[in-house]
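In case you want the letters, here they are:
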Amino acid sequence: AQKITQTQPGMFVQEKEAVTLDCTYDTSDQSYGLFWYKQPSSGEMIFLIYQGSYDEQNATEGRYSLNFQKARKSANLVISASQLGDSAMYFCAMNGGSYIPTFGRGTSLIVHP
Amino acid sequence: NAGVTQTPKFQVLKTGQSMTLQCAQDMNHEYMSWYRQDPGMGLRLIHYSVGAGITDQGEVPNGYNVSRSTTEDFPLRLLSAAPSQTSVYFCASRSGSQHYSNQPQHFGDGTRLSIL
């Protein structure tokens, strides 16, 4: 069985600073994918970034990067130069050996001006 | 670019009523799924489909039915609504019919459902 743990229910960051949102996972699958999604207060789910279990380099997408540490089973999201529009819920998710993806419970990020 | 379209956006039902949440995608995706989102619980998979005519249960299937007669449409039916089914429902799709995929899911805007 897969499991995703997001230990930070809420995070605060000052505008223009960097922030790291934690995600640890547990799986017995050799091949798996890790995803981060953003959910603003308007409710839609927006894909941010993907990391495959066999990818040797950390994924990056603009201001988003994924700090992937396979041995520690962690896939932390780093947002550089935070903006007010980054205030949202962030979900870590994975897929792998079954058709049932696993989502974490989310981290609420608030960016202060 | 429509993507994934869900209707309705809001619905209030009485206990015992039935209804169908509609979901349609125009990206020719094989994999489609329904989730419910409850406060503090993240997203939990209700049912999924890997192609027309193929559906299966997710984590929380009780009280829900699905069918997939076309690639585009994946409706979710509540058979006899209960207050425990009050939630926000998301439909999603992605390309590929394999269980492991590097493709992200594309989500609809959600349906906020209240059962009185």
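Residues numbered from 1 in each chain as written. Chains lettered and ligands numbered in written order. Predicted model: local features only at pLDDT ≥ 70, side-chain atom pairs only at ≥ 80, totals over all residues. Heavy atoms only, no water.

Asks: With reference to specific residues and values, describe the nonpolar core.
Replies: It is characteristic of soluble globular proteins that their nonpolar side chains tend to be buried jointly. Counting 24 residues, the largest nonpolar core has Tyr25(A), Leu34(A), Trp36(A), Ile49(A), Leu77(A) and Tyr90(A) as its most contacted members. Contributions of two or more residues to this core are made by strand S3 (19-21), strand S5 (33-39), strand S6 (46-52), strand S8 (64-69), strand S9 (74-79), strand S10 (88-95) and strand S12 (107-112) of chain A. For this core, the element with the most residues is S10(A), which contributes 4 residues. Contact partners of Tyr25(A), with chain neighbours within four places excluded, come to Lys3(A), Ile4(A), Tyr32(A), Leu34(A), Phe68(A), Lys70(A), Lys73(A), Ser74(A), Ala75(A) and Met94(A). Judged by nonpolar contacts, the second largest core, of 18 residues, contains Leu21(B), Leu76(B), Ala81(B) and Ile115(B). (Core = buried A, V, L, I, M, F, W, Y, C linked by side-chain atoms within 4.5 Å. Buried < 20%, exposed > 50% of the residue type's maximum accessible area, 1.4 Å probe, protein only. Helix = DSSP H or I, 4+ residues; strand = E, 2+ residues; numbered from the N terminus. Contact = heavy atoms within 4.5 Å.)

Asks: Which residues make up the packing of aromatic side chains, and what are the values?
Replies: To describe a pair of aromatic rings, one takes the distance between the centres and the angle between the planes. With the rule as written, the count across this model stands at 16 aromatic pairs over all chains. Relative to Tyr32(A), the ring of Tyr25(A) lies with its centre 5.2 Å away and its plane at 55°, an arrangement referred to as tilted. Of the residues examined, Tyr25(A) reaches a relative accessible area of 4% and is grouped as buried. Overall, the relative accessible area of 4% leaves Tyr32(A) in the buried class. In this structure, Arg63(A) is placed above the aromatic ring of Tyr64(A), and the distance from its NZ or CZ to the ring centre is 5.7 Å. The aromatic ring of Tyr31(B) is capped on one face by Arg94(B), whose charged end is 4.3 Å from the ring centroid. (Phe/Tyr/Trp six-rings, centres within 6.5 Å; stacked < 30°, edge-to-face > 60°. Lys NZ or Arg CZ within 6 Å of the ring centre and 35° of its normal.)

Asks: I'd like a rundown of the interface of chain B and chain A, residues and numbers included.
Replies: Contact with chain B, which involves 25 residues of that partner, is made by 24 residues of chain A. With both chains or domains summed, chain B and chain A bury close to 1900 Å², and 61% of this area falls on carbon and sulfur atoms. Joining chain B to chain A, the criterion identifies 0 salt bridges. When contributions to the side of chain B that touches chain A are tallied by element, the ones reaching two or more residues are strand S4 (31-37) and strand S5 (43-51) of chain B. Here the side of chain B that touches chain A gets 4 residues from one element, more than from any other, and that element is S5(B). Residues that form the side of chain B that touches chain A fall into these classes: 11 nonpolar, 12 polar and 2 charged. (Buried area = accessible area lost by both parts, 1.4 Å probe. Salt bridge = Lys/Arg side-chain N within 4 Å of Asp/Glu carboxyl O. Nonpolar A, V, L, I, M, F, W, Y, C, P; charged D, E, K, R; others polar.)

Asks: I'd like a description of the pairing of S5(A), backed by residues and values.
Replies: All names here are of chain A. Burial within S5 is extensive, with 7 of its 7 residues counted as buried. Side-chain alternation along S5 places Gly33, Phe35, Tyr37 and Gln39 on one buried face and Leu34, Trp36 and Lys38 on a second face that is also buried. By the bridge criterion, 6 bridges tie S5 to S6 in an arrangement that is antiparallel. Bridge assignment links Trp36 to a residue of S6, and that residue is Ile49. Taking the residues that link successive antiparallel strands as the turn, the S5-S6 hairpin has 6 residues, and the phi of Gly43 there is positive, at about 105°. Pairing of S5 with S10 involves 7 bridges; the strand directions are antiparallel. Each residue of the ladder has a partner; that of Lys38, found in S10, is Tyr90. (Pairing = 2+ DSSP bridges.)

Asks: Run through the side chain of Gln39(A), naming residues and quoting values.
Replies: Structurally, Gln39(A) can be placed in strand S5. Looking at Gln39(A), its side chain comes within polar contact range of the side chain of Gln37(B), at 2.8 Å. (Polar contact = N/O pair within 3.5 Å; in protein donor to acceptor, adjacent residues only side chain to side chain.)

Asks: Give me the lowdown on the layout of surface pockets, citing residues and values where you can.
Replies: By volume, the largest pocket is sized at about 430 Å³. As for the largest pocket, its lining consists of 22 residues, of which Gln39(A), Ser42(A), Gly43(A), Val88(B) and Arg112(B) are closest to the centre. Elements with a minimum of two residues in the lining of the largest pocket: S10 of chain A together with strand S9 (87-94) and strand S11 (111-115) of chain B. Of the residues assigned to the lining of the largest pocket, the class counts are 8 nonpolar, 9 polar and 5 charged. Here the second largest pocket is characterised by a volume of approximately 250 Å³. Taken together, 14 residues form the lining of the second largest pocket, with Ile4(A), Thr102(A), Phe103(A), Gly104(A) and Arg105(A) sitting closest to its centre. For the lining of the second largest pocket, the leading source of residues is strand S1 (residues 3-5) of chain A, giving 3 residues. (1 Å grid on protein atoms, 1.4 Å probe; cavity = no way out; pocket = protein on both sides within 12 Å on 5 of 7 lines; lining within 4 Å. Points joined across faces, edges and corners; volume = space filled by probe spheres on them.)

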